[in-house]
Amino acid sequence: MSLRQYEYALAVAQEGSVTAAAELLRVAQPSVSQQIRGLERELGVQLFARTPTGLVPTVVGRAFLREAEVAVNAARRARATARAGADELVGELVVAAQMGFGTRQLPGALGVLRRRFPRLEVSVFEEPSSAELERLCRRGVLDLALMAACERSPADAHHLGDEEFVVVLGAGHRQLAADRVELRELQGEPWVRFDRDSALDGVLLNVLRDNDLAPATVARVSQTATAVRWAAHGLGVTLVPASAVPHGYEHLVRPVSPAVSQPVIAVVRQAPGPAETALLELLRQETWSESAFFSPAS
């Protein structure tokens, strides 16, 4: 078995056909077919099944592809580490952020990283589910994950700061007159909430319960920016990390009492390379004091 065969199998699984995989890899279609057949012969199993919608991994194929993905990512990181010089860093960096956390800090750190190492390829995605983010970390797919601390946080996680949660109110809401909103004053308010498996909805639900507030739900959304905009238009109130508030809505934001915050951590893969180390240090230098992001008087 070779790393090329792993890459070809992953491409077929991603694209659902040999033809599309060949286009993605920029190789001839017969080459992909030959490599997949050779891999299946060597393993003695069928990795893909042909369906009306295309090629899909078999049960054993899915198990194989999980390990192949780890191997391919490890090889890419090894190449990047070997090629990294004092003034040059190349390769691919895969970063995931738990939705709503580090919304302003992560882009700033990544911007500096890209300017410093223009040949470094960075892939970033946002994940609403903390359970899925932890699963991806365990699989070794991620180089760095940015998330809220929880009971299952690894012991070697790096604490970056704390995300303060703020309430977003509609224009003209009576509580805008206060510098800090007492949560009990929101009794009876409709809430714009997040998807049920979202970590942000878990925070909101705990806050409502801890303050004896009935979770009257007017809407559920998938993105923090959507929640802020809908609350700003008077659909209901919402609770989001302060750094997730889009520019232009700061005047509708208030901190709450009792204060709500969560520690933010960075989880870096084992034996991190120079790219992960550089990004971690840049994240440490970012401002994590949420009071710097908005002012009730603005």
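Small disclaimer: the values here were computed from a predicted structure and weren't measured.

Cut-offs and rules
- Residues numbered from 1 in each chain as written.
- Predicted model: local features only at pLDDT ≥ 70, side-chain atom pairs only at ≥ 80, totals over all residues.
- Heavy atoms only, no water.
- Helix = DSSP H or I, 4+ residues; strand = E, 2+ residues; numbered from the N terminus.
- Buried < 20%, exposed > 50% of the residue type's maximum accessible area, 1.4 Å probe, protein only.
- Contact = heavy atoms within 4.5 Å.
- Core = buried A, V, L, I, M, F, W, Y, C linked by side-chain atoms within 4.5 Å.
- Pairing = 2+ DSSP bridges.
- Expected span 1.5 Å × (residues − 1).
- Salt bridge = Lys/Arg side-chain N within 4 Å of Asp/Glu carboxyl O.
- Phe/Tyr/Trp six-rings, centres within 6.5 Å; stacked < 30°, edge-to-face > 60°.
- Patch = residues over 30% accessible without salt bridge, like charges linked within 9 Å, V, L, I, M, F, W, Y side chains within 5 Å.
- Areas by Shrake-Rupley, 256 points an atom, 1.4 Å probe, with all protein chains shown as cover.
- Axes fitted to C-alpha atoms, helices over the stretch in contact; angles between N-to-C directions.
- Parallel < 35°, antiparallel > 145°, perpendicular 65-115°, else oblique.
- Left-handed = near helix turned anticlockwise from the far one by under 90°.
- Nonpolar A, V, L, I, M, F, W, Y, C, P; charged D, E, K, R; others polar.

Engineer: Can you walk me through the overall build of the chain in this structure?
Structural biologist: When helices and strands are counted, the chain shows nine helices and twelve strands. C-alpha atoms of the chain, sized along the principal axes, occupy 70 × 50 × 35 Å. Looking at the chain as a whole, 47% of its 298 residues qualify as buried. For the chain, contacts bridging at least 24 residues in sequence account for 76% of all contacts bridging at least 6.

Engineer: Any chance you could explain the nonpolar core here in plain terms?
Structural biologist: Generally speaking, soluble globular proteins have nonpolar side chains that are buried together. Grouped together as the largest cluster of nonpolar side chains are 59 residues, with contacts concentrated most on Leu93, Leu113, Leu146, Val167, Leu239, Leu279 and Leu283. It is helix 9 (residues 274–285) that provides the largest number of residues to this core, a total of six residues. Apart from residues no more than four positions distant in its own chain, Leu146 is found in contact with Ala96, Ala97, Gln98, Phe101, Gly102, Leu106, Leu133, Leu160, Val264, Ile265, Leu283 and Trp288. Counting residues in each nonpolar core, the second largest holds 19 residues, with Ala9, Val18, Ala21 and Leu55 among its members.

Engineer: Looking at this structure, I do not really get the pairing of strand 9 (residues 217–221). What am I missing?
Structural biologist: Consecutive side chains along a regular strand alternate between the two faces of the sheet. Of the strand pairs in this sheet, strand 8 (residues 191–194) and strand 9 are connected by four bridges, and their pairing is parallel. Across the sheet, the residue bridging to Phe194 is Val221, located in strand 9.

Engineer: Help me understand helix 3 (residues 29–43), please; the structure alone is not making it clear to me.
Structural biologist: Given 3.6 residues to a turn, an α-helix orients residues that are three or four positions apart in the same direction. When the terminal C-alpha atoms of helix 3 are compared, their 21 Å separation across 15 residues agrees well with the 21 Å that a helix rising 1.5 Å per residue should span. Looking at helix 3, one finds that the buried residues are Val32, Ser33, Ile36, Gly38, Leu39 and Glu40.

Engineer: Explain the pattern of salt bridges here, please?
Structural biologist: Between side chains of opposite charge, pairing is possible as soon as their charged atoms come close. Tallied over the entire structure, the rule returns nine salt bridges. Among the ionic pairs, Asp201 bridges to Arg193, the shortest N-O distance being 3.0 Å. One exposure class covers both Asp201 and Arg193, and it is buried. Ionic contacts of the salt-bridge type, sharing partners, join the residues Asp143, Arg269 and Glu276 into one network.

Engineer: Just to check I follow, could you spell out the packing of aromatic side chains for this structure?
Structural biologist: The description of two aromatic rings rests on the distance between their centres and on the angle between their planes. Applying the stated criterion across every chain yields a total of two aromatic pairs. Judged by centre distance (5.5 Å) and plane angle (80°), the rings of Tyr6 and Phe64 are edge-to-face. Taken together, the positions of Tyr6 in helix 1 (residues 3–15) and Phe64 in helix 4 (residues 59–83) put the pair 58 residues apart, joining distant regions of the chain. Across the pair, Phe64 and Tyr6 agree in class, each one buried. Ring centres of Phe101 and Phe165 lie 6.1 Å apart, and the angle between their planes is 70°; this geometry places the pair in the edge-to-face category. Of this pair, Phe101 sits in the loop between strand 3 (91–98) and helix 5 (105–116) while Phe165 is found in strand 6 (residues 158–168), placing the two residues 64 residues apart along the sequence. By the burial criterion, Phe101 is buried, and Phe165 matches it.

Engineer: Teacher, can you tell me more about the environment of Ala232 here?
Structural biologist: For Ala232, the position within the fold is in helix 8 (residues 224–232). Residue Ala232 is classed as buried on the basis of its relative accessible area of 11%. In this structure, the C-alpha to C-alpha distance between Ala232 and His173, residues 59 residues apart in sequence, is 9.5 Å.

Engineer: What should I look at first to understand a nonpolar patch on the surface in this one?
Structural biologist: Where nonpolar side chains cluster on the molecular surface, the patch consists of Val218, Trp230 and Leu235 and spans about 240 Å² of accessible area. Within the secondary structure, Val218 sits in strand 9. By relative accessible area, which is 37% here, Val218 ends up partly exposed.

Engineer: I'm lost on the packing of helix 1 against helix 2 (residues 18–25) in this one. Help?
Structural biologist: Each packed pair of helices is defined by two parameters, the angle between the axes and the distance between the axes. Contact pair helix 1 / helix 2: the axes reach a minimum separation of 8 Å and the direction vectors enclose 120°. On the basis of their axis angle, the class for helix 1 and helix 2 is oblique. Considering the relative orientation of helix 1 and helix 2, their crossing is right-handed. Of the residues in helix 2, those touching helix 1 at Tyr8, Ala11, Val12, Gln14 and Glu15 are Val18, Ala20, Ala21, Leu24 and Leu25. Partitioned by chemical class, the residues of the contact of helix 1 with helix 2 number eight nonpolar, one polar and one charged.

Engineer: Quick question: what am I supposed to make of the environment of Glu121 here?
Structural biologist: Following the sequence through the fold, Glu121 ends up in strand 4 (residues 120–127). By relative accessible area, which is 54% here, Glu121 ends up exposed. With residues near it in sequence (within four places) discarded, Glu121 still touches Gly91, Glu92 and Leu93.

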